[in-house]
Amino acid sequence: MLSFILVIMEVNSYTTSTISYQERVAWVSLAAFTLPYIFYFAWLGFKAGPVAQMPVLNLMLPFALAAGSSALVYGLGRLWLWLRFRDDARLPLDERDRAIARRSLSVAYGILIAGMIVVGGLMPFSRAGWEIVHPAVAFILLAEIVNHGTTIWLYRRGCHD
Amino acid sequence: MTEAAFTNSIRTLRFLNGEMTQAELGQRIGVTRQTIAAIEAGKYSPSLEAAFRIAEVFGKRVDEVFQRPTKKSRNPSRIRSP
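Residues numbered from 1 in each chain as written. Chains lettered and ligands numbered in written order. Predicted model: local features only at pLDDT ≥ 70, side-chain atom pairs only at ≥ 80, totals over all residues. Heavy atoms only, no water.

Caption draft 1: Structural view of the overall build of chain B. The secondary structure content of chain B amounts to five helices and two strands. When the helices and strands of chain B are listed from N to C terminus, the series reads β-α-α-α-α-α-β. When each of the 82 residues of chain B is scored for burial, the buried share is 37%. Long-range pairs, those at least 24 residues apart, make up 60% of the contacts in chain B with a sequence separation of at least 6. A total accessible area of about 5,800 Å² is found for chain B, and carbon and sulfur atoms account for 50% of it. (Helix = DSSP H or I, 4+ residues; strand = E, 2+ residues; numbered from the N terminus. Buried < 20%, exposed > 50% of the residue type's maximum accessible area, 1.4 Å probe, protein only. Contact = heavy atoms within 4.5 Å. Areas by Shrake-Rupley, 256 points an atom, 1.4 Å probe, with all protein chains shown as cover.)

Here it is in structure tokens:
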């Protein structure tokens, strides 16, 4: 999946590419926040036994693996982008980049707040431990995915304030 | 694609001004080449400041660079009462 995304980014040459550097960063971020955690939550969903009864290490290890993979994907992706598109990387954010970032963050912020209200305000009355941690992580990931997905969508489809 | 409120003649003006590239125009007004491409394609509406800067680069008024599409009358034979 990551290589597919990287290939997409290589389609246009530098001089003719209309893909903004920030959009490329958003693609890398989206990959980093979806791929590793899809496997983690899939494993969580299909494993045998309730979460509350599992030893802590049995949960911490896969989660650490997912988080580490996410950081690795993000780090390698950003490094590759910086090496491949160094001239674009050096440019400061312009008004279009800032406008798109503002709109993406405002959408993601709403999701994050809603998630924190559910996780922090409602769930403690009926759940505990990992049964709260996992939804909290899921909401944070959802906010990040929405943030970067909205960024990509606005770069692709257009942004008119 | 989200509809732009304005059309523009930036691409034409660039070619008429020594075949200026998108990168050159972007550098002169303080935006990236990709933003200029997005403006030309109607995918981004520039700020007022950027629009004025673009116009100044070409020595034109803002309304000569950016145009608002006029709505065609749906029933041209309809007579409005005074």
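Caption draft 2: Inspection of the overall build of chain A at higher detail. Tallying secondary structure elements over chain A gives six helices and zero strands in all. The order of helices and strands in chain A, counted from the N terminus, is α-α-α-α-α-α. For chain A, buried positions account for 37% of its 161 residues. Summarising the internal contacts of chain A: among those between residues at least 6 apart in sequence, 81% fall at separations of at least 24.

Caption draft 3: A look at the nonpolar core. Counting 17 residues, the largest nonpolar core has I10, L25, I29, I54, F58, V65 and F66 of chain B as its most contacted members. Among the elements of the structure, helix 1 (10-16), helix 2 (22-29), helix 3 (33-40) and helix 4 (48-58) of chain B are those that each provide at least two residues to this core. Of the residues forming this core, the biggest block, five residues, is contributed by helix 4 of chain B. In contact with F58 of chain B, not counting residues within four places along its chain, are I10, L13, R14, N17, M20 and L25 of chain B. Counting nine residues, the second largest nonpolar core, distinct from the first, contains Y37, Y40, W130 and L141 of chain A. (Core = buried A, V, L, I, M, F, W, Y, C linked by side-chain atoms within 4.5 Å.)

Caption draft 4: Structural detail: the layout of surface pockets. Approximately 380 Å³ is the volume found for the largest pocket. Along its surface, the largest pocket is lined by 23 residues, and G26, Q27, G30, V31 and T32 of chain B are the ones closest to its centre. Those elements that place two or more of their residues in the lining of the largest pocket are helix 4 (86-90) and helix 5 (95-122) of chain A together with helix 2, helix 3 and helix 4 of chain B. Per-element accounting of the lining of the largest pocket gives the leading share, five residues, to helix 2 of chain B. Here the lining of the largest pocket is composed, by residue class, of eight nonpolar, six polar and nine charged. (1 Å grid on protein atoms, 1.4 Å probe; cavity = no way out; pocket = protein on both sides within 12 Å on 5 of 7 lines; lining within 4 Å. Points joined across faces, edges and corners; volume = space filled by probe spheres on them. Nonpolar A, V, L, I, M, F, W, Y, C, P; charged D, E, K, R; others polar.)

Caption draft 5: Local environment of the environment of Y21 of chain A. Residue placement: Y21 of chain A occurs in helix 2 (residues 21-46). Separated by 67 residues in the primary sequence, Y21 of chain A and D88 of chain A have C-alpha atoms spaced 6.0 Å apart.

Caption draft 6: Local environment of the pattern of salt bridges. What the rule picks out here adds up to eight salt bridges over all chains. One salt bridge connects D87 of chain A with R90 of chain A, and the closest N-O pair in it is separated by 3.7 Å. With D87 of chain A and R90 of chain A both in helix 4 and three residues apart, this pair spans about one turn of that helix. For D87 of chain A, a relative accessible area of 46% gives the class partly exposed. Note that D88 of chain A is salt-bridged to R33 of chain B, the shortest N-O span being 3.9 Å. Remark: R33 of chain B occurs in helix 3 and D88 of chain A occurs in helix 4; the pair is interchain, linking two chains. For the residue pair D88 of chain A and R33 of chain B, the accessibility class agrees, reading buried in each case. Through salt bridges with shared partners, one network takes in R11, R14 and E40 of chain B. (Salt bridge = Lys/Arg side-chain N within 4 Å of Asp/Glu carboxyl O.)

Caption draft 7: Spatial organisation of the packing of aromatic side chains. All names here are of chain A. Scanning the entire structure with this criterion turns up five aromatic pairs over all chains. Their ring planes at 50° and their centres at 6.4 Å tell us that Y37 and F63 sit as a pair that is tilted. Placement of Y37 in helix 2 and of F63 in helix 3 (residues 56-84) is noted, with a sequence separation of 26 residues between them. Judged by relative accessible area, which is 10%, Y37 ranks as buried. Overall, F63 belongs to the partly exposed group, its relative accessible area being 22%. (Phe/Tyr/Trp six-rings, centres within 6.5 Å; stacked < 30°, edge-to-face > 60°.)

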